[in-house]
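Topology and contacts: notes
Given next are the chains, with one letter for each unit.
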Number of protein chains: 2
Amino acid sequence: MFSNILIVGCGLIGSSILRGSLSKKISKNIYVFEKSKKNISLIKKIDKKIKFLNKIDHKVSNMDLIVLSTHMSQYNNLIKKLLRHISSKNLITDTGSTKRNVENLINKNKKLKKIFIPSHPIAGSEVSGPEFGDKNLFKDKWCIILKGNDKSKKNQKKIEKFWKKLGSKIIFMNSIDHDKIFSITSHLPHLIAYNLVKTAIDFQKKNKKSIIKYSAGGLRDFSRTAASNEIMWRDIFFENKDNIIDSINIFIRNLKKFKKLIKNQNNSNVLKILKNSKKIRKQIINLKQDVSKPNFGRDLF
Amino acid sequence: MFSNILIVGCGLIGSSILRGSLSKKISKNIYVFEKSKKNISLIKKIDKKIKFLNKIDHKVSNMDLIVLSTHMSQYNNLIKKLLRHISSKNLITDTGSTKRNVENLINKNKKLKKIFIPSHPIAGSEVSGPEFGDKNLFKDKWCIILKGNDKSKKNQKKIEKFWKKLGSKIIFMNSIDHDKIFSITSHLPHLIAYNLVKTAIDFQKKNKKSIIKYSAGGLRDFSRTAASNEIMWRDIFFENKDNIIDSINIFIRNLKKFKKLIKNQNNSNVLKILKNSKKIRKQIINLKQDVSKPNFGRDLF
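If you're wondering where the values come from, they're calculated on a predicted model, not measured in any experiment. (Residues numbered from 1 in each chain as written. Chains lettered and ligands numbered in written order. Predicted model: local features only at pLDDT ≥ 70, side-chain atom pairs only at ≥ 80, totals over all residues.)

**Structural notes on the overall build of chain A**
Our working rule: Comment: elements are numbered from the N terminus, with helices defined as DSSP H or I runs of at least four residues and strands as E runs of at least two. Neighbour counting defines burial: a residue surrounded by 20 or more other C-beta atoms within 10 Å of its own C-beta is buried, one with 12 or fewer is exposed, and intermediate counts give partly exposed, using backbone-placed C-beta atoms. Here the contact rule is simple: place C-beta atoms from the backbone, and any two residues whose C-beta atoms are within 7 Å are in contact.
Scanning chain A from terminus to terminus reveals 11 helices and 8 strands. Structurally, chain A occupies a C-alpha span of about 65 × 45 × 35 Å along its principal axes. Counting every position in chain A, which comprises 301 residues, the buried fraction comes to 49%. For chain A, contacts bridging at least 24 residues in sequence account for 75% of all contacts bridging at least 6.

Encoded structure:
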């Protein structure tokens, strides 16, 4: 499909793209640009064919596809370096979790507008690093590709084909819809999980009681979400802050109403909320967004 | 250990006690009092030896141990009926998730005070019904037993031995501590999960967009918690409302602070919250309150 692919930033996501690309023979040569020495030595073990770039230099002009899978806070700097060497022959995509910011970055440069097709694979977990990568990470998962009239159709097709080869299901979306939708289905849940763990920590301190050991009744699930990579999530919170603040406000409004219903022991309205929730779970399972097994099929020890 | 055990209410928890008791030969005879015909026919399939009571009558006076595992909103009514037949020779425990309310109920009656030793096994999942019961549900899980000076020591020992036979690790606690601790580690997480799903439903309605299909990025985990039994959780929210309202208030206070940090892009304080969360996850895994595998080891399809 390609002669040369460059993966910039090779952690959980980058190394999963790397593994998938090797497995599906997506490119003749695969290059990696990665700063962490520890990560480089882990990546070397994956396959001897992997080539490494030490810096962003003239060699990047030979890349048919450049995939940014670093933290988003590094994009600005990376794009500056890439722009010195790339031309309209190159093609760029990324894997960042917010898209309006990436679009804004691209729109600053005419060359970039045609060749940078942002994407967002909905895949990952609470762990980071190339040692956790998996060639099937994107299999049967959504990958959002940004649509835009200013993009080359040929390039859009290439990016679509690339993610399909890795197993993804494709949706084209604009950046505004993307950032709104994922502020509710992903960013708010993470923020809420962090906030819940923070609340538990505060309770422990204030009451001088160890409560973490009783977390199997609910808190443990949130603690998994709240163990996600802090740089990645700081970047998301900052880059999508307007939508996230809106979501927080709706959440707080709902929570205050819920509190009142509990205070007044409003039986029918409380039951209505709890029953409606259950229906959503069924939809999520029917849409194959989660396993149907009780307790995620989680088997302790 | 016992000659006759009666399990009152035989859903997920009751049938797990039933299965564990059969497997560990805890009692010569095991009786079940269950109202749902569907449940009775499911329970009959577990073992032919199981005996059924059609009503709470004089036969309960022969029970060495009576375990209440109905919804807590049925306790009042059940206890009234039990009091007509039981004496100081009987022993009662329960499995309810809040304990101050149970203690209040017990304290109304001198007879009950000596023979009712409330307990709370920290086990369960989002599904309900005897078909999901498991003899190992309580294995290596905490079981809280209420301490109280007015209880017979002999009876306390019996309840402790009973849960240990089912595999539980025992902690004695007073009802005030219990209800405070679990308002944070269990009740608030459930309420927050319900509230998050409610917020997503509201967003769908308002924006006329289907977002549930993108729930793999976080929402799906909360939807599992928010698919729990609605009667059980209504009871918990109402019975522990003072502590839960306190917890909600702390949660909202923290969330507002978090929102401000994001608004101001306060890098160091946001990173501090995210990093501290990660430490709690490690503690939870070290304390064997959750599996260590990424994504709960959840394997899709």
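Alright, that's what it looks like, and here's the rest.
**Considering helix α4 (residues 100-107) of chain B**
All names here are of chain B. Formally: The directions considered for the arc run from the helix axis to the C-beta atoms.
Among all positions of α4, only N101, V102 and I106 are buried. Projected onto a plane normal to the axis of α4, the buried residues spread over an arc of 140° and lie on a single side. Against the buried residues of α4 lie α3 (75-83), β5 (92-94), α5 (110-115) and α9 (230-239).

**Description of the relation of the copies chain B and chain A**
Condition: The copies were overlaid with a least-squares fit restricted to C-alpha atoms from residues scoring a pLDDT of at least 70 in each copy.
Laying chain B over chain A is done by rotating through 180° and shifting 0.0 Å along the axis; what remains is an RMSD of 0.0 Å. Both copies of the chain, as the preceding transformation shows, are related through a two-fold rotation axis.

**Considerations on the interface of chain B and chain A**
Often, the extent of an interface is quoted as the loss of accessible area upon association of its parts. Keep this limit in mind: Each residue gets one label: Ala, Val, Leu, Ile, Met, Phe, Trp, Tyr, Cys and Pro are nonpolar, Asp, Glu, Lys and Arg are charged, and the others, such as Gly, are polar.
Across the boundary between the two partners, chain B contributes 90 residues, which contact 90 residues of chain A. For the side of chain B that touches chain A, the elements supplying multiple residues, two or more each, are α7 (175-207), α8 (219-225), α9, α10 (241-263) and α11 (267-286) of chain B. Top element by residues in the side of chain B that touches chain A is α7 of chain B. It accounts for 20 residues. Classifying every residue of the side of chain B that touches chain A gives 49 nonpolar, 20 polar and 21 charged.

**Some thoughts on the domain arrangement of chain A**
Residues and elements named next belong to chain A. Counted only if it meets this: Note that the domain bounds reflect an automated or database-derived domain assignment.
According to the domain assignment, chain A contains domain 1 (2-173) and domain 2 (178-297). If you average the C-alpha positions of domain 1 and of domain 2, the two centres end up 31 Å apart. Looking at side-chain class alone, the side of domain 1 that touches domain 2 contains 3 nonpolar, 7 polar and 3 charged residues.

**Quick look at the nonpolar core**
Condition: We define a nonpolar core as a collection of buried residues of the types Ala, Val, Leu, Ile, Met, Phe, Trp, Tyr and Cys that are connected via C-beta atoms lying within 7 Å of each other.
By size, the foremost hydrophobic cluster in this structure holds 163 residues, and its most contacted members are I7 and I66 of chain A together with I7 and I66 of chain B. In contact with I7 of chain A, not counting residues within four places along its chain, are G14, I17, L18, I30, V32, V67 and S69 of chain A.

**Description of the packing of helix α7 (residues 175-207) of chain A against α7 of chain B**
Condition: To obtain each axis, a line is fitted to C-alpha atoms, and for helices this fit is confined to the stretch in contact; angles are then taken between N-to-C directions over 0 to 180 degrees. If an angle is under 35 degrees, it is roughly parallel; if it is over 145, roughly antiparallel; if it lies from 65 to 115, roughly perpendicular; otherwise it is oblique. Left-handed describes a crossing in which the near helix is turned anticlockwise from the far one by less than a right angle; the clockwise case is right-handed.
The N-to-C vectors of α7 of chain A and α7 of chain B enclose an angle of 160°; their axes lie 11 Å apart at closest approach. Between α7 of chain A and α7 of chain B, the angle falls in the class roughly antiparallel. Between α7 of chain A and α7 of chain B lies a crossing whose hand is right-handed. Across the interface between the two elements, I184, T185, L188, P189, I192, L196, T199, A200 and F203 of chain A from α7 of chain A touch I184, T185, L188, P189, I192, L196, T199, A200 and F203 of chain B from α7 of chain B. Taken together, the residues that form the contact of α7 of chain A with α7 of chain B break down as 14 nonpolar, 4 polar and no charged.

**Notes on the packing of helix α11 (residues 267-286) of chain A against α7 of chain B**
For the pair α11 of chain A and α7 of chain B, the least separation of the axes is 9 Å and the interaxial angle reads 70°. Relative to α7 of chain B, the element α11 of chain A is oriented roughly perpendicular. Only Y194, V197, K198 and I201 of chain B of α7 of chain B make contact with α11 of chain A, whose side of the interface consists of I273, L274, N276, S277 and I280 of chain A. Split by residue class, the contact of α11 of chain A with α7 of chain B holds 6 nonpolar, 2 polar and 1 charged.

**What about unusual backbone geometry?**
Residue and element names in this part refer to chain A. The phi angle at K288 is positive, at roughly 55°, despite the residue not being glycine. With respect to the secondary-structure elements, K288 resides in the segment after α11. Under the C-beta neighbour-count criterion, K288 is labelled partly exposed, with 15 such atoms within 10 Å.

**A short note on the confidence of the model for chain A**
Our working definition: pLDDT is a per-residue confidence score from the predictor, ranging from 0 to 100.
Overall, the predicted model of chain A reaches an average pLDDT of 95, with 98% of residues at or above 70. Confidence estimates for the predicted assembly give a pTM of 0.95 and an ipTM of 0.95.

**Overview of the pairing of strand β4 (residues 65-68) of chain B**
Residues and elements named next belong to chain B. In plain terms, the rule: What makes two strands pair is DSSP finding at least two bridges between them. We call a crossover right-handed when, viewed with the strands running away from us, the connection from the first strand over the helix to the second turns clockwise.
Covered by surrounding structure in β4 are L65 and V67 together with I66 and L68, the residues of both alternating faces. As paired strands, strand β1 (residues 2-8) and β4 are joined by 4 bridges and run parallel to one another. Bridging across to β4, I5 finds its partner in L65. Pairing geometry for β4 and β5, over 3 bridges, is parallel. Bridge pairing in β5 links V67 to T93. Handedness of the β-α-β unit built from β4, α3 and β5 comes out right-handed.

**Topic: the sheet that holds strand β7 (residues 142-146) of chain B**
All names here are of chain B. Read from one edge of the open sheet, 3 strands run β6-β7-β8, paired in mixed fashion. Edge strands, defined here as strands with exactly one partner in the open sheet, are β6 (119-121) and β8 (169-173). Geometrically, the sheet is characterised by an average inter-axis angle of 20° between neighbouring strands, direction not taken into account. Here β7 runs beside β8; their pairing, made up of 5 bridges, is parallel. When the sheet's bridge partners are listed, I145 is paired in β8 with F172.

**Let's talk about the sheet that holds strand β3 (residues 51-52) of chain B**
If you walk across this open sheet you meet the 5 strands as β3-β2-β1-β4-β5 (chain B), and the pairing is parallel. Looking at strand neighbours, the two that pair on one side only are β3 and β5 of chain B, the edges of this open sheet.

**Some remarks on the pairing of strand β7 (residues 142-146) of chain A**
Of all 5 residues making up β7 of chain A, 5 are buried, and the element is well covered by its neighbours. On β7 of chain A, burial covers both faces: W142, I144 and L146 of chain A on one face and C143 and I145 of chain A on the other are all buried.

**Description of the environment of D47 of chain A**
Within the element layout of this structure, D47 of chain A appears in the loop between α2 (37-44) and β3 (51-52). The spacing of D47 of chain A and R19 of chain A is 28 residues in sequence and 8.8 Å in space, taken between C-alpha atoms.

**Some words on the environment of K110 of chain A**
Here K110 of chain A lies in helix α5 (residues 110-115). For K110 of chain A and K279 of chain A, which are 169 residues apart along the polypeptide, the C-alpha to C-alpha distance reads 47 Å.

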